[in-house]
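# Descriptive analysis of the structure
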Amino acid sequence: MIRSSPILRRMIQISSSKVAARSLTAQAASALRESEPMIRYEEYADVDWNNLGFGLTRTDYMYKSKCTSNNTFEQGQVTDYGNVELSPAAGVLNYGQGIFEGTKAFRGEDGRILLFRPDQNAIRMQIGAERMCMQAPSVQQFVDAVKQTTIANKRWIPPPGKGSLYLRPLLIGSGATLGVSPAPEYTFLVYASPVGNYFKEGTAPLNLYVNNEFHRATRGGAGGVKSITNYAPVMKAIQRAKEQGFSDVVYLDSVHKKYIEEVSSCNIFLVKGNVISTPATVGTILEGITRKSIIDIASDLGYKVEERLVTVDELMEADEVFTTGTAVSVATVGSVTYNDRRVEYKTGDELVSQKLYKTLVGIQHGKTEDKFNWVVEIN
């Protein structure tokens, strides 16, 4: 049920023969105030859940809120999913003033709907907004917006084990500005899409290519926040790598060109013995929510975890390599190619990455004890 809002008065039309089967019980209905409209959902949307990739599927609703410069965001509302109207002089279109987040909703085997650490996404958006001179929603409003968008699109949440509902909170400079300056108005949106595996390989090990020509970020830039401006520059490197049969690209630092930073859309880890290492976030690397969670899980399982400068030579000598991210979860790397040298790594169910993956997914789906209090159940 979504509380009163003019844009939610569209009811899902169902035939009279199905009304009885899908209506609320008399007891539940009597508890509703007459002023509260509601959406009745089919249990699941008409989707081939067994062949769900990481592509955009149009869902029913999205969330929208606005604010002017140096103000707070108005109370947002869930609206029908649709296009957004912008001035041609909008800050996001002319100067790239925009940031986004990614989080997921999961359907547990017991039917519960679970979010994973949405407050951390909210905090990261605030940090990014400060760097990009933007207004940002409060943590509470961000989390509430994600919850509302999830419930409104509940029928698009895949069955247990078939995927997740990917939620994209988006903050843009929607106000018009001609000169290089912060936009006078900002729009906060949240939309959703059911997704499966991010990479076309599915759960098969990835084959990565170390690129020493293009750089994802530089010191003093915006590489450490989830700015929209970080992603277009890497498309050329990704395109070239995929044309050669690779899954994705590993980027090196722009100064010394010997320290690994991250993959195009995820963080990277390497394993050597009982030590797990990952590049330190020093302003050019995004602090992933999954990255942070895997560090905590690994430490809890007894592994030594190091956040430090990691050279590409160390990467080529590792026992095991894996990547982490909201979209990719935890993905095993089968090989890395650098300067025409290809190194293959351990694969199989006994990998460190697989232990971490199973623990993470178990927590996200409510099957493993959540000792960290990361999961948020939507009532």
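Everything in this summary refers to the structure shown in the same document. Bear in mind the structure is a predicted one, so any value in this text is a computation, not a measurement.

## Topic: the packing of aromatic side chains
To describe a pair of aromatic rings, one takes the distance between the centres and the angle between the planes. Evaluated as defined, the whole model comprises 13 aromatic pairs. Consider the rings of Phe116 and Trp374, whose centres lie 5.6 Å apart with planes at 85°: the pair is edge-to-face. Pair noted here: Phe116 is in strand β5 (residues 113-116) and Trp374 is in the loop between α9 (352-364) and β17 (375-378), with a separation of 258 residues, a long-range link. Across the pair, Trp374 and Phe116 agree in class, each one buried. Every member of this aromatic cluster is reached through a ring pair, and the members are Phe54, Tyr166, Tyr198 and Phe199.

## Here we look at unusual backbone geometry
We note that Cys133 has phi near 60°; this positive angle belongs to a residue other than glycine. Structurally, Cys133 is set in the loop between α4 (118-131) and α5 (139-152). Despite not being glycine, Ser329 shows a phi value in the positive range, around 65°. Turning to its location among the elements, Ser329 is positioned in strand β15 (residues 329-338). Classification of Ser329 as buried rests on a relative accessible area of 15%.

## So, the packing of α4 against α5
One way to put it is that α4 packs onto α5 with a least axis distance of 9 Å and a crossing angle of 125°. When the interaxial angle is binned, α4 and α5 end up oblique. Read as a crossing pair, α4 and α5 show a hand that is right-handed. Of the residues in α5, those in contact with Pro118, Asp119, Asn121, Ala122, Ile123, Met125 and Gln126 of α4 are Val139, Phe142 and Val143. Of the residues that constitute the contact of α4 with α5, the class distribution is seven nonpolar, two polar and one charged.

## Let's talk about the environment of Arg107
If you trace the backbone, Arg107 turns up in strand β4 (residues 103-107). Taking relative accessible area as the criterion, Arg107 reaches 7% and is therefore assigned buried. Between the alpha carbons of Arg107 and Ile157 there is a distance of 6.6 Å; along the sequence they are 50 residues apart. Ignoring sequence-local partners within four residues, the contact set of Arg107 consists of Glu43, Tyr44, Arg112, Ile113, Lys154, Ile157, Pro158, Pro159, Pro160 and His365. Within the structure, the side chain of Arg107 is placed 3.0 Å from the backbone oxygen of Lys154, a separation counted as a polar contact.

## Let's talk about the packing of helix α7 (residues 289-300) against α9
α9 packs onto α7 with a crossing angle of 110° between their chain directions and a minimal axis gap of 10 Å. In terms of their interaxial angle, α7 and α9 are classed as roughly perpendicular. Where α7 crosses over α9, the two elements pack in a sense that is right-handed. Of α9, the residues touching α7 (which contributes Thr290, Ser293, Ile294, Ile297 and Ala298) are Leu356, Thr359, Leu360 and Ile363. Residues belonging to the contact of α7 with α9 are distributed by class as follows: six nonpolar, three polar and no charged.

## Quick word on the nonpolar core
Core analysis: the biggest nonpolar cluster contains 37 residues, and Leu167, Leu171 and Phe188 have the highest contact counts within it. Looking at this core, the elements with two or more residues in it are β1 (61-68), β5, α4, α5, β6 (164-173) and β7 (185-195). It is α5 that provides the largest number of residues to this core, a total of six residues. Core analysis: the next-biggest nonpolar cluster, separate from the first, contains 24 residues, Phe199, Leu206, Cys266 and Val312 among them.

Rules used in this analysis
- Residues numbered from 1 in each chain as written.
- Predicted model: local features only at pLDDT ≥ 70, side-chain atom pairs only at ≥ 80, totals over all residues.
- Heavy atoms only, no water.
- Phe/Tyr/Trp six-rings, centres within 6.5 Å; stacked < 30°, edge-to-face > 60°.
- Helix = DSSP H or I, 4+ residues; strand = E, 2+ residues; numbered from the N terminus.
- Buried < 20%, exposed > 50% of the residue type's maximum accessible area, 1.4 Å probe, protein only.
- Axes fitted to C-alpha atoms, helices over the stretch in contact; angles between N-to-C directions.
- Parallel < 35°, antiparallel > 145°, perpendicular 65-115°, else oblique.
- Left-handed = near helix turned anticlockwise from the far one by under 90°.
- Contact = heavy atoms within 4.5 Å.
- Nonpolar A, V, L, I, M, F, W, Y, C, P; charged D, E, K, R; others polar.
- Polar contact = N/O pair within 3.5 Å; in protein donor to acceptor, adjacent residues only side chain to side chain.
- Core = buried A, V, L, I, M, F, W, Y, C linked by side-chain atoms within 4.5 Å.

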